[in-house]
Amino acid sequence: MAWTDDLTFAIMAKATDLTKKVTFLLSIITDTMAEHAMKLSYGQGKTTVVLAYRGWKAVRERQKMEKQMGNKIALPTEHYGCLEVPVVPYYKHLGGYILRSGAKLLEIRVRQALAMQN
Amino acid sequence: MTDQRVPLPKRQMLVRSMGMSVVLLHASTCFDLTIGEYKAWHAAVVGGTHQTLQKKEANEANEANANAAMEANAAMPMELLYLQRIRLFLHILQKLHECLIAGILHNHHVARKGSWLYGLVKAVKRWQSQVGRE
């Protein structure tokens, strides 16, 4: 899903394959962008990954990501070497908050607070 | 908004344009809300209605909220959410984008009662019960 310079990719896989597939996708995106003279900046509030583990071995995979990998994905790229991409519980896309759990509570509360500010 | 001299129609316009427009952004994409989410949504919408009427909103019964909504010419929280869903559905029907429709159907296949489509069916049924099938 793209809107001017805001770009989102959705990917679905088994919990055990999710990290691998996301890493593969990110490598392709980073290198393709590099070939068009664009460098993505990775970090909180920049380019991030939201992982929602579900189903078989989901808990084990989530714990592995949190404890062993420190909520970061090591990303091998052709043009920039190895990069680190943070894994975040939510991110903001076109003014809306998307949580890995799919909950809308944060979004509703933020909207209410913004409306009260006005 | 706190100025008593501002007439009701102007306050309605201010709340709709500056308050409710912010609350309603992306509201049409909400899936079926949980109880906690609904309470937050209810507070946001009722807050807007009460601001229009310059009323305090603490511990008011549903009937009082309904009367306030009628007085402020505003919708009740659930009706507003349903209307937003139907509005988005009409946009989707106008575009008929294959990927979008496939995504909606897939979401319904996976999430069932937690899906957006399930929420839309509830909204349409509610609409039918209010205005009839025609």
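Calculation criteria
- Residues numbered from 1 in each chain as written.
- Chains lettered and ligands numbered in written order.
- Predicted model: local features only at pLDDT ≥ 70, side-chain atom pairs only at ≥ 80, totals over all residues.
- Helix = DSSP H or I, 4+ residues; strand = E, 2+ residues; numbered from the N terminus.
- Buried ≥ 20, exposed ≤ 12 C-beta atoms within 10 Å, placed from the backbone.
- Contact = placed C-beta atoms within 7 Å.
- Axes fitted to C-alpha atoms, helices over the stretch in contact; angles between N-to-C directions.
- Parallel < 35°, antiparallel > 145°, perpendicular 65-115°, else oblique.
- Nonpolar A, V, L, I, M, F, W, Y, C, P; charged D, E, K, R; others polar.
- pLDDT = per-residue confidence, 0-100.
- Expected span 1.5 Å × (residues − 1).
- Arc of directions from axis to C-beta.
- Core = buried A, V, L, I, M, F, W, Y, C linked by C-beta atoms within 7 Å.

Colleague: An account of the overall build of chain B is requested, with residue identities and associated values reported.
Modeller: Along its length, chain B carries six helices and zero strands. In sequence order, the secondary structure elements of chain B are arranged as α-α-α-α-α-α. In terms of its C-alpha atoms, chain B occupies a principal-axis envelope of roughly 50 × 30 × 30 Å. Across the 134 residues in chain B, those meeting the buried criterion constitute 25%. Pairs at least 24 apart in sequence give 59% of the contacts found in chain B among residues at least 6 apart.

Colleague: Go over the packing of helix α2 (residues 35-53) of chain B against helix α4 (residues 77-95) of chain B with me, naming the residues and quoting the values.
Modeller: The relative placement of two packed helices is expressed as an angle between their axes plus a distance between the axes. Residues and elements named next belong to chain B. Relative to each other, α2 and α4 sit at 100°, their axes nearing to 9 Å. On the basis of the axis angle, α2 is roughly perpendicular to α4. Of the residues in α4, those touching α2 at Trp-41, His-42, Val-45 and Val-46 are Pro-77, Leu-80 and Leu-81.

Colleague: Run through the interface of chain B and chain A, naming residues and quoting values.
Modeller: Taken residue by residue, the interface counts 16 residues in chain B and 13 residues in chain A. Secondary structure elements with two or more residues in the side of chain B that touches chain A: α1 (8-23) and α2 of chain B. Top contributing element to the side of chain B that touches chain A by residue count: α2 of chain B, with eight residues. Of the residues belonging to the side of chain B that touches chain A, the class tally is 10 nonpolar, five polar and one charged.

Colleague: Help me get a handle on the environment of Gln-12 of chain B, residues and values and all.
Modeller: Residue and element names in this part refer to chain B. Tracing the backbone through its elements, the reader meets Gln-12 in helix α1. On the neighbour-count criterion, Gln-12 (18 C-beta atoms within 10 Å) is partly exposed. For Gln-12, the residues in contact, after removing those within four places along its chain, are Thr-52, Ala-72 and Asn-73.

Colleague: So, the confidence of the model for chain A: which residues are in play, and what are the values?
Modeller: Model confidence for chain A is summarised by a mean pLDDT of 89, while 100% of its residues fall at 70 or above. Of all secondary-structure elements in chain A, the lowest mean pLDDT belongs to strand β1 (residues 2-3) of chain A, at 80, while helix α1 (residues 15-35) of chain A reaches the highest, 93.

Colleague: So what's going on with α1 of chain A? Residues and values would help.
Modeller: Given 3.6 residues per turn, any residue in an α-helix points the same way as the ones three and four places further on. Residue and element names in this part refer to chain A. Given a rise of 1.5 Å per residue, 21 residues ought to cover 30 Å, and the 31 Å separating the end C-alpha atoms of α1 matches this to within 8%. Those residues of α1 that fall on the buried side of the exposure criterion are Leu-18, Thr-19, Val-22, Leu-26 and Thr-30. Burial along α1 is one-sided: seen end-on, the buried residues are contained in an arc of 85°. Seen from the open side of α1, the exposed residues pointing more than 90 degrees away from its buried face are Asp-17, Lys-20, Thr-32 and Glu-35. Residues of α1 that are buried in the fold lie against α2 (58-68), β3 (72-77) and β4 (81-86). Downstream of α1 by one or two residues, Ala-37 has phi in the positive range, about 60°.

Colleague: How would you sum up unusual backbone geometry? Please name residues and give values.
Modeller: Residue and element names in this part refer to chain A. Unusually for a residue other than glycine, Thr-4 sits at a positive phi of about 45°. With respect to the secondary-structure elements, Thr-4 resides in the loop between β1 and β2 (6-7). By C-beta crowding, Thr-4 is classed as exposed, having 6 other C-beta atoms within 10 Å.

Colleague: Please provide a residue-by-residue account of helix α3 (residues 105-117) of chain A, values included.
Modeller: All names here are of chain A. Counted at 1.5 Å a residue, the expected span for α3 with its 13 residues is 18 Å, and the 18 Å between its end C-alpha atoms agrees. For α3, the complete set of buried residues consists of Glu-107, Ile-108, Arg-111, Gln-112 and Ala-115. For α3, the angular spread of buried residues about the axis comes to 130°, placing them on one side. Within α3, the exposed residues directed more than 90 degrees away from the buried face are Ala-113 and Gln-117.

Colleague: Explain the nonpolar core to me, using residue names and the numbers behind them.
Modeller: Among the nonpolar cores identified, the biggest contains 21 residues, and Val-23, Trp-41, Ala-44, Val-45 and Leu-81 of chain B are the most heavily contacted of them. Listing elements by their share of this core, those giving two or more residues are α3 of chain A together with α1, α2, α4 and α6 (116-131) of chain B. It is α2 of chain B that contributes the most residues to this core, five residues altogether. Contact partners of Trp-41 of chain B, with chain neighbours within four places excluded, come to Ile-108 of chain A together with Leu-33, Pro-77 and Leu-81 of chain B. Counting residues in hydrophobic clusters, the runner-up holds eight residues, among them Val-22, Val-49, Tyr-53 and Leu-75 of chain A.

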